[in-house]
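The residues making up each chain are set out below.
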Amino acid sequence: MQDRYAGDVGDYVKLALLRSLSEGRKLGVAWYLYPDEGHNEDGKHISYLKEPSKWRHLDPDLFDALKLIANETRSVNAIEESGVLQAEFSSERMVSPMNYRLRSDWRRDWHEGTLDDLNSCDLVFADPDNGMIDDDPKRRTKEKFSKQIPLNEVLKLAENRTAVIYHHNTRFKGGHELEVKHWLGLLGNAIAVRANSYNCRTFFVVNPDDKLRSTCEDFCDRWSKHKVFLQSH
């Protein structure tokens, strides 16, 4: 997540899904907050806010709140303060050390702090900028590793509870369907909510119970005209 994305169409889908899933549960949000970049046009997808007849009915309160955020200072803090999510937040920025030799230990400590922040939650959401990646230890020395979540962190977040993980679909060989299937195979008990408006993203729901599976199905039905659909094993 980056502050500049706050209020874009990806946020609308993401936050609406979390609002649906978190009913009757204690939600925790790990933003995986990465410093804003300016080398591309990411985060510019807010034109949906000018089409309320097409989008607002899906979650009116959330739509109105995001419209205010998009017109003012776009930030994670603005989302937290808006009250659209009743949640515990882990918001420490992911500014890794300049010395690459220190980055692996820093990341371990950062993640342990995140787990501590969300220890009391029975539903957690992780919002890494680029999504999931494998556990190759060589990645841990790279600065841009802060934009990703390795599989071992996903499994730790999901231990004895449900975790929802954001993933930005890549140029995976064979296409996005095979990419999602690949990750589902590694995650075990999991389903995927895919959202393909403007760009392609997937929300992996790890360790869902029957109620959460049903909620995901209902959510995808409601959002189906906006290219939101369910994929399972």
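The structure displayed is predicted, hence computed values, not measured ones.

Caption draft 1: Layout of the overall build of the protein. The number of helices and strands found in the protein is eight helices and nine strands. Relative to the globule expectation of 17 Å for 233 residues, the C-alpha radius of gyration of the protein, 17 Å, shows essentially globular dimensions. Each of the three principal axes of the protein carries a C-alpha extent, and together these read 50 × 40 × 40 Å. Across the 233 residues of the protein, 51% fall into the buried class. Relative to all contacts within the protein whose residues are 6 or more apart in sequence, the contacts with residues 24 or more apart total 74%. Charge centroids of the protein, computed over 34 positive and 38 negative side chains, lie 6 Å from each other.

Caption draft 2: Representation of the packing of helix H1 (residues 9-21) against helix H8 (residues 210-222) within the structure. The geometry of H1 relative to H8 is characterised by a closest axis approach of 10 Å and an angle of 140° between their N-to-C directions. Considering the angle they form, H1 stands oblique to H8. In the packing of H1 onto H8, the handedness of the crossing is right-handed. Between H1 and H8, the contacting residues are Val13, Ala16, Leu17, Ser20 and Leu21 on the first element and Leu212, Thr215, Cys216, Phe219 and Arg222 on the second. Of the residues in the contact of H1 with H8, the class split is seven nonpolar, two polar and one charged.

Caption draft 3: Representation of the nonpolar core in the model. Formed by 45 residues in total, the largest nonpolar core has its most connected members in Tyr12, Phe203 and Trp223. With eight residues, the top contributor of residues to this core is H1. Setting aside residues no more than four positions away along its own chain, Tyr12 makes contact with Tyr48, Trp55, Arg56, Leu58, Asp59, Leu62, Phe63, Leu66 and Trp223. Listed in part, the 25 residues of the second largest apolar core include Met94, Val124, Leu151 and Val206.

Cut-off values and rules
Residues numbered from 1 in each chain as written. Predicted model: local features only at pLDDT ≥ 70, side-chain atom pairs only at ≥ 80, totals over all residues. Heavy atoms only, no water. Helix = DSSP H or I, 4+ residues; strand = E, 2+ residues; numbered from the N terminus. Rg over C-alpha atoms; globule rule 2.2 N^0.38 Å. Buried < 20%, exposed > 50% of the residue type's maximum accessible area, 1.4 Å probe, protein only. Contact = heavy atoms within 4.5 Å. Lys, Arg positive; Asp, Glu negative; His and termini not counted. Charge placed at Lys NZ, Arg CZ, Asp CG, Glu CD. Axes fitted to C-alpha atoms, helices over the stretch in contact; angles between N-to-C directions. Parallel < 35°, antiparallel > 145°, perpendicular 65-115°, else oblique. Left-handed = near helix turned anticlockwise from the far one by under 90°. Nonpolar A, V, L, I, M, F, W, Y, C, P; charged D, E, K, R; others polar. Core = buried A, V, L, I, M, F, W, Y, C linked by side-chain atoms within 4.5 Å.

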